[in-house]
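# Architecture at a glance
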Amino acid sequence: MSGLINLVSDHGEDLIILPLMALISLIVCILLHLFFDENKIIKYIPGIILIIASIIVSIYALSIFTTPKGLDFAWVAIFIAVSGIVGVITGFIIDLIGSIIKSYNEYEKESKKSANKQRKQKK
């Protein structure tokens with residue numbers, strides 16, 4: 001257990017990059033949704049671009065994998081891929097929440113209309 005703690009403490013600076021990149025991807029996705037609410041596909045573009053970039057970096061890293069730089073590029077590809085996946089999943093969650101709110105509002109309007117019809121029929 002102490003070996004794992006020492007490993008994490010030795011490479012803490014490298015490991016902090018991943019949550020920061022994921023957080024930046026999440027914030028960009030939310031901001032794009034707020035500014036371009038009518039166009040649903042816009043919020044997925046940064047995540048998709050990051051995933052494509054990670055594929056390109058992965059291919060390059062595999063070509064030079066036996067060198068020390070190849071392993072570094074593999075880490076970069078993993079970081080970029082995780083950030084892209086976080087961005088795409090954030091877009092899905094935003095769309096899901098939006099559709100739930102829209103369905104609830106439509107249900108509420110329909111229930112009010114049916115309640116008004118029932119009141120009119122009783123009179």
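Summary of the structure given here. Treat the numbers as computed from the prediction; the structure is a model and nothing was measured.

So, how was this worked out
Residues numbered from 1 in each chain as written. Predicted model: local features only at pLDDT ≥ 70, side-chain atom pairs only at ≥ 80, totals over all residues. Heavy atoms only, no water. Phe/Tyr/Trp six-rings, centres within 6.5 Å; stacked < 30°, edge-to-face > 60°. Helix = DSSP H or I, 4+ residues; strand = E, 2+ residues; numbered from the N terminus. Buried < 20%, exposed > 50% of the residue type's maximum accessible area, 1.4 Å probe, protein only. Patch = residues over 30% accessible without salt bridge, like charges linked within 9 Å, V, L, I, M, F, W, Y side chains within 5 Å. Areas by Shrake-Rupley, 256 points an atom, 1.4 Å probe, with all protein chains shown as cover. Salt bridge = Lys/Arg side-chain N within 4 Å of Asp/Glu carboxyl O. Lys, Arg positive; Asp, Glu negative; His and termini not counted. Charge placed at Lys NZ, Arg CZ, Asp CG, Glu CD.

It is worth spelling out the packing of aromatic side chains at this point. Counted according to the given criterion, the structure contains 3 aromatic pairs. A centroid spacing of 5.9 Å and a plane angle of 45 degrees characterise the contact between Trp75 and Phe79, whose relative ring orientation is tilted. Of the two residues, Trp75 and Phe79 are both situated in helix H5 (residues 68–122); the distance of 4 residues between them amounts to about one turn of the helix. Trp75 gets classed as partly exposed once you look at its relative accessible area, which sits at 45%. Look at Phe79 and you get buried, because its relative accessible area is 11%.

This next bit is on a negative patch on the surface. A cluster of acidic side chains, namely Asp10, Glu13, Asp14 and Asp72, defines a negative patch on the protein surface. Here Glu13 lies in helix H2 (residues 12–15).

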